[in-house]
Amino acid sequence: MSDLELLTQSLARNVKHWRAVRGFTLDVLAARAGVSRGMLIQIEQARTNPSIGTVVKIGDALGISVTTLLDYERGAKVRIVPADQAVRLWHTDAGSYNRLLAGTEAPGPLEMWDWLLMPGESSLSEPHPVGTVELVHVTAGELALTVDGEEYRVPAGASASFEASVPHVYGNRGEVPMEMVMAVSVPPVP
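Residues numbered from 1 in each chain as written. Predicted model: local features only at pLDDT ≥ 70, side-chain atom pairs only at ≥ 80, totals over all residues. Heavy atoms only, no water.

J.: Describe the overall build of the protein chain, and please don't skip the residues or the numbers.
T.: Looking only at helices and strands, the protein chain has five helices and ten strands in total. Taken across its 190 residues, the protein chain has 42% of its residues classed as buried. When contacts within the protein chain are restricted to residue pairs at least 6 apart in sequence, those whose partners lie at least 24 apart make up 61%. Entry remark: accessible area of the protein chain is about 9,900 Å², with carbon and sulfur atoms responsible for 53%. (Helix = DSSP H or I, 4+ residues; strand = E, 2+ residues; numbered from the N terminus. Buried < 20%, exposed > 50% of the residue type's maximum accessible area, 1.4 Å probe, protein only. Contact = heavy atoms within 4.5 Å. Areas by Shrake-Rupley, 256 points an atom, 1.4 Å probe, with all protein chains shown as cover.)

Here's what the structure looks like:
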């Protein structure tokens, strides 16, 4: 079985599990996540490989991290994720990508990401639930961070934090690749 098939099956199993834990019907989860009921059915039946945006929306609606949706093991006090097991969820033909490095559920979802954006590329992120905070640290190049329509420049060595409940875009307007590490903290679902 391929990695993509394993990922699709893990996502199907975990969406069903967490939807049951939260007591959400398909219609409730669809409304909360802003995705169609049909898409959720396809995901829960492991018949589709949804976009990272869809996976993030479902995780946000369930109040869990992408890490949990992708079936990362939990329970040990220390968990090491080898470099070759970091999950790449988004990429472009030009070479841009993001990788989910690690995540946890205490007290709400907390994720750490590794990003590479090639010159001229950008990635739009939909608003996350109110209370979601993102932290970025640029290690190479310069990040053009747009939050709620306002652009901020974050050079190599600098960090930024922002409330991510509004539309935001990660961009590279420079001539060299931009690399950053990002942490996302999502409040727990009540």
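The discussion continues.
J.: Hey, could you go over the nonpolar core for me, with residue numbers and the actual values?
T.: Ranked by size, the top nonpolar core spans 42 residues in total, and within it Ile58, Leu143 and Tyr170 carry the most contacts. When residues of this core are assigned to their parent elements, the largest contribution, six residues, is made by helix α4 (residues 52-62). (Core = buried A, V, L, I, M, F, W, Y, C linked by side-chain atoms within 4.5 Å.)

J.: Just give me the short version of the confidence of the model for the protein chain, but keep the residues and values in it.
T.: Within the protein chain, residue pLDDT values average 86, and 89% of them lie at 70 or more. Of all secondary-structure elements in the protein chain, the lowest mean pLDDT belongs to strand β2 (residues 97-104), at 75, while strand β9 (residues 168-171) reaches the highest, 96. (pLDDT = per-residue confidence, 0-100.)

J.: I'd like a description of the pattern of salt bridges, backed by residues and values.
T.: Close approach of charged atoms allows side chains of opposite charge to pair. For the structure shown, the criterion picks out five salt bridges. Its salt-bridge partner being Arg19, residue Glu44 comes within 2.6 Å of it at the nearest N-O pair. With Glu44 in helix α3 (residues 37-44) and Arg19 in helix α1 (residues 3-22), this pair connects stretches of sequence that are 25 residues apart. What makes Arg19 buried here is its relative accessible area of 16%. Here Glu151 ties to Arg153 by a salt bridge, and the two come within 2.8 Å at their closest N and O atoms. Taken together, the salt bridges that share partners define one network made up of Glu142, Glu151, Arg153 and Arg173. (Salt bridge = Lys/Arg side-chain N within 4 Å of Asp/Glu carboxyl O.)

J.: Go over the packing of aromatic side chains with me, naming the residues and quoting the values.
T.: By the definition in use, this model includes two aromatic pairs. Seen from their ring centres, Trp90 and Trp115 are 5.5 Å apart, and the 45° between their planes marks the pair as tilted. Placement of Trp90 in strand β1 (residues 87-91) and of Trp115 in strand β3 (residues 110-117) is noted, with a sequence separation of 25 residues between them. Taken as a pair, Trp90 and Trp115 share a single burial class, namely buried. Note on Trp115 and Tyr170: the rings are 4.9 Å apart at their centroids and 50° apart in plane angle, and the pair reads as tilted. Separated by 55 residues along the polypeptide, Trp115 in strand β3 and Tyr170 in strand β9 bring together distant segments of the chain. Between Arg88 and the ring centre of Tyr97, over which it is positioned, the NZ or CZ distance is 5.3 Å. (Phe/Tyr/Trp six-rings, centres within 6.5 Å; stacked < 30°, edge-to-face > 60°. Lys NZ or Arg CZ within 6 Å of the ring centre and 35° of its normal.)

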